[in-house]
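# Remarks on the overall topology
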Amino acid sequence: REAYATSSRLAPTEAEPLRGLALVDRERGDVARAIRGLEYAIRLAPSYAQLYLDLGVCHDYREERELAMRAYASVVSLGAELAPQATYLHGRAAKSMCLWRGREAQLARVRDTLATPDGAAALRVDPVASLSSPATPAEMLAVASAAVRAKLAESASADVAAPPLASRRPAGSASPLRVGFVSSYFRDHNLLRLTRGLFRSLDRRHFHVALFAESADDSSDIAREVRAAAQSFVRVRDMSTPDAMRALRAERLDLALNLNGHHWNAAAETVRFGLFRLGAAPVQAHYMGYPGPLGAPFIRYTYVDARAVGASVGPAAAARGFLERFVLMPDSYYLNDYAASWPTLRADAHTPAAARAD
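Residues numbered from 1 in each chain as written. Predicted model: local features only at pLDDT ≥ 70, side-chain atom pairs only at ≥ 80, totals over all residues. Heavy atoms only, no water.

With that out of the way, let us pick up the overall build of the chain. Each helix and strand counted, the chain has 18 helices and seven strands in total. The buried share of the chain, reckoned over its 358 residues, is 46%. Long-range pairs, those at least 24 residues apart, make up 68% of the contacts in the chain with a sequence separation of at least 6. As presented, the chain carries roughly 18,700 Å² of accessible surface, and 55% of it is formed by carbon and sulfur atoms. (Helix = DSSP H or I, 4+ residues; strand = E, 2+ residues; numbered from the N terminus. Buried < 20%, exposed > 50% of the residue type's maximum accessible area, 1.4 Å probe, protein only. Contact = heavy atoms within 4.5 Å. Areas by Shrake-Rupley, 256 points an atom, 1.4 Å probe, with all protein chains shown as cover.)

Here it is as structure tokens:
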């Protein structure tokens with residue numbers, strides 16, 4: 001931020017340093033300050049389309065949809081080709097407000113762009129938002145794959161050079177399976193509320209559990225409880241990618257699980273795909289955080305169930321929209337922690353008397 005601030009002082013009539021300052025503020029969570037900076041930059045450069053796009057994204061962060069739509073519309077009026085994702089983002093904001101007029105035409109434009117080479121990259125469609133759109137499996141995979149490439153490109157300079165890992169676990173080994181979970185939601189968050197029972201119930205005779213937090217410490221009871229249930233806990237949030245990578249590899253994991261996928265709550269709350277690209281473990285998988293294809297060829301498996309992925313077409317057909325292989329759970333892939341949420345309920349409270357007698 002200091003570098004952008006210095007640049008802005010040296011060139012007070014230039015918009016680009018102000019944009020840089022605003023993006024840093026947005027990444028740090030000070031969205032109101034970012035908005036003020038972008039509005040001032042727009043007064044300096046009213047025909048700079050990217051400023052309006054960034055302003056719309058900031059308003060989206062604050063769930064100010066009407067203001068976001070106004071900013072995206074400004075991009076379109078200047079020429080959508082200057083920032084192609086504005087058309088998509090405008091439609092997404094309208095959808096969140098149930099403004100359906102023009103929805104079909106907007107979807108058609110998005111689909112036409114997705115069908116072109118690098119169309120998904122140009123639109124920057126958010127994979128999470130694509131889950132609630134009428135996208136085909138191929139379109140969703142294109143969106144996810146483009147998102148992975150963009151995220152890797154952003155952090156490429158921080159990647160650590162390390163060879164992929166080969167399995168160290170002998171066939172039939174009786175030693176505990178070493179499993180690492182990477183998430184930005186090891187705090188009081190819905191994902192942790194759903195998965196708490198998993199961490200509490202894993203048998204330490206059979207599993208060595210290591211948790212890697214891409215989140216800050218919120219000092220919540222649930223975070224402390226889950227942390228105590230694991231044999232190892234490392235907060236990698238403020239580590240460089242090379243240092244975080246070394247922390248994962250130091251645990252000698254057999255399996256590394258990405259619990260976020262493409263899901264995020266804020267710019268700083270995400271799991272770095274770079275940690276998995278070079279191999280955090282010999283076997284890498286995705287679970288729970290994002291119910292769709294990741295588009296990351298280095299994450300080989302995803303835990304699902306037949307109903308969730310193939311209710312209409314079957315798992316085999318659904319698999320064509322994924323790079324990952326399916327690990328099919330017998331009933332439901334989706335965790336919950338009902339017992340912890342309702343600890344005062346007796347186990348047989350809703351069981352018919354005849355069934356209890358049996």
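Moving on, there is more to tell.
Where helix α1 (residues 2–10) contacts helix α2 (residues 16–27), the two axes come as close as 8 Å, and the packing angle between them is 155 degrees. In terms of their interaxial angle, α1 and α2 are classed as roughly antiparallel. By crossing handedness, the relation of α1 to α2 is classed as left-handed. Every residue of α2 that contacts α1 at Y4, A5, S7 and S8 is listed here: P17, L18, G20, L21 and V24. Looking at the contact of α1 with α2 residue by residue, the classes come out as six nonpolar, three polar and no charged. (Axes fitted to C-alpha atoms, helices over the stretch in contact; angles between N-to-C directions. Parallel < 35°, antiparallel > 145°, perpendicular 65-115°, else oblique. Left-handed = near helix turned anticlockwise from the far one by under 90°. Nonpolar A, V, L, I, M, F, W, Y, C, P; charged D, E, K, R; others polar.)

On to the environment of A247. Looking at where A247 falls in the secondary structure, it is placed in helix α13 (residues 241–250). With a relative accessible area of 16%, A247 lands in the buried category. If sequence neighbours within four positions are ignored, A247 has contacts with F212, V234 and M239.

Take the confidence of the model for the chain next. In the predicted model, the chain carries a mean pLDDT of 86, and 88% of its residues have values of at least 70. Note that pLDDT drops below 50 for residues 351–358; the model gives that stretch two contacts with residues more than four away or on any other chain. (pLDDT = per-residue confidence, 0-100.)

In terms of nonpolar packing, the biggest core is built from 35 residues, with L51, L53, V75 and Y88 touching the most fellow members. Mapped by element, the contributors of at least two residues to this core are α2, α3 (31–44), α4 (49–61), α5 (65–79), α6 (85–96), α7 (103–114), α8 (119–123) and α10 (137–155). Residue contributions to this core peak at seven residues, all from α4. Those residues in contact with L53, other than ones at most four positions away along the chain, are Y72, V75, A83, Q85, A86 and L89. (Core = buried A, V, L, I, M, F, W, Y, C linked by side-chain atoms within 4.5 Å.)

At 3.6 residues per turn, the α-helix brings residues three or four places apart onto the same side. The first and last C-alpha atoms of α2 sit 17 Å apart over 12 residues, in line with the 16 Å expected at 1.5 Å per residue. With nine of its 12 residues buried, α2 lies for the most part within the structure. Residues of α2 that are buried: P17, L18, R19, G20, L21, A22, V24, D25 and R26. The inward-facing, buried residues of α2 abut α1, α3 and α4. (Expected span 1.5 Å × (residues − 1).)

So, on to the packing of α3 against α4. Relative orientation of the contacting elements α3 and α4 amounts to 155 degrees, with a least axis distance of 10 Å. Between α3 and α4, the angle falls in the class roughly antiparallel. Viewed along their axes, α3 and α4 form a crossing whose handedness is left-handed. Between α3 and α4, the contacting residues are V31, A34, I35, L38, E39, A41 and I42 on the first element and L51, Y52, D54, L55, C58, H59 and Y61 on the second. Tallied by class, the residues present in the contact of α3 with α4 amount to 11 nonpolar, one polar and two charged.

Let's shift gears to the side chain of Q85. Relative to the elements of secondary structure, Q85 occurs in helix α6. Given the relative accessible area of 7%, Q85 is considered buried. Look past the residues within four positions of Q85 in its chain and what remains in contact with it is L53, A122, L123 and R124.

What follows deals with the pairing of strand β1 (residues 177–183). Burial analysis of β1 places six of its seven residues in the buried class, the great majority of the element. Relative to strand β2 (residues 207–213), β1 runs parallel, the two being bridged by seven bridges. The residue bridging V182 from the neighbouring strand is F212, located in β2. Across four bridges, β1 lies against strand β4 (residues 255–258) in parallel orientation. Directly across from F181, in β4, lies its bridge partner L257. (Pairing = 2+ DSSP bridges.)

Spatial strand order, β3-β2-β1-β4-β5-β6-β7: seven strands in an open sheet with parallel pairing. Among the strands making up the open sheet, the edge pair consists of β3 (232–235) and β7 (325–329). Pairs of neighbouring strands in the sheet enclose a mean axial angle of 25 degrees, with direction left out of account. Note that strand β5 (residues 283–286) and strand β6 (residues 301–305) share two bridges and pair parallel. Counted as the bridge partner of H286 is T302 from β6.

All right, on to the packing of aromatic side chains then. In total, this model carries six aromatic pairs according to the counting rule given. Between the aromatic rings of F181 and F199, the centroid separation amounts to 5.0 Å while the plane-to-plane angle is 85 degrees, which identifies the pairing as edge-to-face. Here F181, found in strand β1, pairs with F199, found in helix α11 (residues 190–201); they are 18 residues apart in sequence, far enough to count as distant. Overall, F199 belongs to the buried group, its relative accessible area being 3%. By the ring-pair criterion, three or more aromatic residues cluster together here, those being Y287, Y303, Y333 and Y334. (Phe/Tyr/Trp six-rings, centres within 6.5 Å; stacked < 30°, edge-to-face > 60°.)

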